[in-house]
Amino acid sequence: MHIYLPIAEMSVNIFLICGMGGMIGFLSGLFGVGGGFLMTPLLIFIGVPAPVAVGTEANQIVASSVSGVLAHWRRGNVDFKMGAVLVAGGFAGSSLGVFLFKHLQTVGQIDLVIRMCYVVFLGAIGGLMLYESIRAIRRSRLIGARRGKLHQHNWLHGLPLKVRFRRSKLYISAILPFAIGAGVGVLSALMGVGGGFIMIPAMIYLLGMPTSVVVGTSLFQIIFVTANVTFLQAVSTQTVDVVLALLLLAGAVVGAQFGSKYSVQMKGEQLRGLLSLMVLAVCIKLAFDLVARPDDLYSIAPIVGH
Amino acid sequence: MSQAPLLTRMLVLLVMSATPATAEVLVADTSRRHVAITTGFTGTDVLLFGAVEGAGDIVVVIRGPAETIVVRRKQRFAGVWANADSVVFQDAPNFHQLATSRPLEEIADPATLRQLNIGADNLEFTPAPRDRHRSSLEIAEFRKALVRNKRTDGLYDTEPAPVSIISERLFRTPVYFPANMATGNYTATIYLFRDGAAVQLIEKPIVVQKSGFGAEVYTWAHDRAPLYGAAAIVVAIAAGWLAGVIFRNV
């Protein structure tokens with residue numbers, strides 16, 4: 001059964017899209033990640049134009065983050081004050097990101113930049129996770145896991161504009177979370193991701209936030225940033241396909257439920273090792289496409305509003 | 001499209017063309033004037049049919065609206081293929097399909113076909129002012145690339161579809177409109193060739209439009225972009241919240 005996507009302007013199999021949503025949803029439930037960083041490349045692989053994949057995925061992440069944050073909210077695992085600073089930074093960053101996106105689209109380099117961002121970040125994150133999980137698996141065989149001190153003081157804590165974040169038990173400069181929010185915001189706009197895979201490590205290692213509030217707070221920030229990206233992409237590039245987003249979401253919601261059930265039955269290190277291998281596989285495929293000689297060196301694109 | 005009205009129309013055409021008073025030797029029409037891209041659209045056939053008096057070759061050309069197209073050439077930078085050089089063409093039709101009763105080169109010589117803009121290889125595109133200083137060799141390279149890419153997308157003719165002629169009088173040919181074609185005003189032109197020259201032509205308009213829910217979405221996304229963006233967010237929040245509530249106790 002086919003459905004015509006009004007913004008992507010292509011006809012796709014409805015079950016393929018729902019299935020992809022379900023698979024990524026399953027993985028995100030299993031691993032506790034957003035899944036945007038896997039979904040956008042997959043959409044590009046099946047032929048959705050890269051800008052539409054990015055704009056639409058931002059829209060879908062709004063929805064999946066809302067359903068995710070509800071659970072954390074009920075448990076009181078959201079630091080709203082920290083979230084607000086991150087959101088402020090996120091708005092600035094994502095607005096800049098959409099502006100960059102539009103400019104790159106006009107000069108014909110957006111596909112390249114999207115793919116390059118993916119190769120760099122998937123490569124880095126996948127590599128780190130693989131390294132971590134291999135080390136963890138080895139270590140767990142030797143002795144019980146040892147935990148280091150998470151919150152260390154360094155020059156970053158000497159910055160001005162100090163604010164007390166009670167929920168996170170922190171007294172730090174607001175500049176730091178603002179900058180992290182902004183950086184992730186740029187990536188969110190360019191890559192069509194929530195950015196949790198960068199923000200969560202940054203919150204733990206740079207800000208020193210307690211792990212219990214990290215996921216809820218990052219989901220809270222992601223809602224606002226991806227909403228901003230959705231709005232700005234809709235206005236400036238018209239690349240948000242609501243039909244595609246809803247189809248993906250329908251699959252993702254169901255998949256996530258199954259994923260989170262299975263995640264209880266599997267070991268953390270093995271899960272992360274598995275995820276890292278998948279991330280690296282997607283990264284390698286994208287990198288290969290960048291360096292392999294294309295079938296046709298020439299490409300065409302219509303110029304709208306000329 | 002049911003078969004009955006089509007047959008009636010063809011019979012009417014037959015009768016018309018048989019009338020000795022008219023000087024017309026060619027009559028033709030399309031099975032539909034309107035192609036709707038609906039939510040379930042995966043491409044469709046439009047039937048072109050007509051009648052001809054006496055010998056001759058039939059060439060059917062479907063032309064889409066002209067668009068401004070940028071053709072980009074990739075170049076290798078530090079191992080990565082990136083878009084580098086580009087040429088903009090102002091008036092390339094976004095669609096050009098052919099159906100012929102005999103191979104095109106047997107019907108007319110290239111000069112005639114070029115003059116009539118028949119066949120993707122014979123189309124001329126105008127470079128944008130910024131590219132007019134370039135050598136004709138360069139322009140030709142980019143022009144060829146445009147045609148090649150359009151062919152890959154199934155939007156320009158690769159091999160003309162056959163026009164079947166029944167008892168040297170009636171002809172018909174289906175033309176395929178793919179799912180990835182643009183909306184706009186298309187023209188079906190039916191040429192009658194005799195001894196290498198087009199002696200008569202008939203033009204029929206075909207409007208390609210998005211219709212139904214998909215059309216609504218597209219129009220909103222382009223004409224009321226801020227509202228569309230806001231609606232997309234509201235829909236996402238509602239869907240996410242609903243999902244969160246439904247699966248709360250699962």
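Scroll up to find the structure.
If you're wondering where the values come from, they're calculated on a predicted model, not measured in any experiment.

A. Looking closely at the overall build of chain B. Counting its secondary structure elements, chain B contains 6 helices and 12 strands. Taking all 250 residues of chain B together, the buried fraction comes to 46%. Restricting the contact set of chain B to residue pairs at least 6 apart, pairs at least 24 apart contribute 69%.

B. Molecular detail of the packing of helix α3 (residues 50-74) of chain A against helix α9 (residues 242-263) of chain A. All names here are of chain A. One can describe the packing of α3 onto α9 by two numbers: an axis separation of 9 Å at closest approach and a directional angle of 40°. Judged by the angle between their axes, α3 and α9 are oblique. Crossing of α3 against α9: the hand is right-handed. Residue-level inspection shows T56, E57, N59, Q60, A63 and S64 of α3 in contact with α9, the latter providing V242, L244, A245, L248, L249 and A252. Split by residue class, the contact of α3 with α9 holds 7 nonpolar, 4 polar and 1 charged.

C. Focus on the pairing of strand β2 (residues 34-37) of chain B. All names here are of chain B. A one-sided burial pattern is seen for β2, the buried positions being V35 and I37 and the unburied ones H34 and A36. With 4 bridges joining them, β2 and strand β12 (residues 197-210) adopt parallel strand pairing. Following the sheet pairing, I37 is matched in β12 by K210.

D. How the structure looks around empty space enclosed by the protein. Tallying each qualifying case throughout the model produces 1 cavity of 30 Å³ or more. Its boundaries defined by the atoms lining it, the largest cavity holds a volume of some 50 Å³. In this structure, the largest cavity is lined by A:N59, A:Q60, A:A63, A:V242, A:A245, A:L246, A:L249, B:A232, B:V235 and B:A236. Counting residues per element, the ones that place at least two in the lining of the largest cavity are α3 and α9 of chain A together with α6 (225-246) of chain B. Ranked by the residues each element gives to the lining of the largest cavity, the list is headed by α9(A), at 4 residues. Considered class by class, the residues forming the lining of the largest cavity number 8 nonpolar, 2 polar and no charged.

E. Geometry of the sheet that holds strand β8 (residues 161-162) of chain B. Residue and element names in this part refer to chain B. An order of β2-β12-β11-β4-β7-β8 is seen for the 6 strands of this open sheet, with the pairing classed as mixed. The open sheet is flanked by β2 and β8, the only strands paired with a single partner. For strand β11 (residues 184-194) and β12, the ladder comprises 11 bridges, and the chain directions are antiparallel. Across the sheet, G184 pairs through a bridge with V208, a residue of β12.

F. Quick peek at the packing of α9(A) against α6(B). The contact between α9(A) and α6(B) brings their axes to 11 Å, and the two run at 10°. In this view, α9(A) runs roughly parallel relative to α6(B), as classed from their interaxial angle. Residues A:V242, A:L246, A:L249 and A:V253 of α9(A) form the contact with α6(B), whose own contacting residues are B:Y228, B:A232, B:V235, B:A239 and B:A243. Among the residues making up the contact of α9(A) with α6(B), the classes are represented as 9 nonpolar, no polar and no charged.

G. View of the environment of B:E124. Residues and elements named next belong to chain B. For E124, the position within the fold is in the loop between α3 (110-116) and α4 (136-152). Considering only alpha carbons, one finds E124 and E203, 79 residues apart in sequence, at a separation of 20 Å. Not counting the four nearest positions on each side in its chain, E124 is found in contact with R114 and N117.

Criteria and thresholds
Residues numbered from 1 in each chain as written. Chains lettered and ligands numbered in written order. Predicted model: local features only at pLDDT ≥ 70, side-chain atom pairs only at ≥ 80, totals over all residues. Heavy atoms only, no water. Helix = DSSP H or I, 4+ residues; strand = E, 2+ residues; numbered from the N terminus. Buried < 20%, exposed > 50% of the residue type's maximum accessible area, 1.4 Å probe, protein only. Contact = heavy atoms within 4.5 Å. Axes fitted to C-alpha atoms, helices over the stretch in contact; angles between N-to-C directions. Parallel < 35°, antiparallel > 145°, perpendicular 65-115°, else oblique. Left-handed = near helix turned anticlockwise from the far one by under 90°. Nonpolar A, V, L, I, M, F, W, Y, C, P; charged D, E, K, R; others polar. Pairing = 2+ DSSP bridges. 1 Å grid on protein atoms, 1.4 Å probe; cavity = no way out; pocket = protein on both sides within 12 Å on 5 of 7 lines; lining within 4 Å. Points joined across faces, edges and corners; volume = space filled by probe spheres on them.

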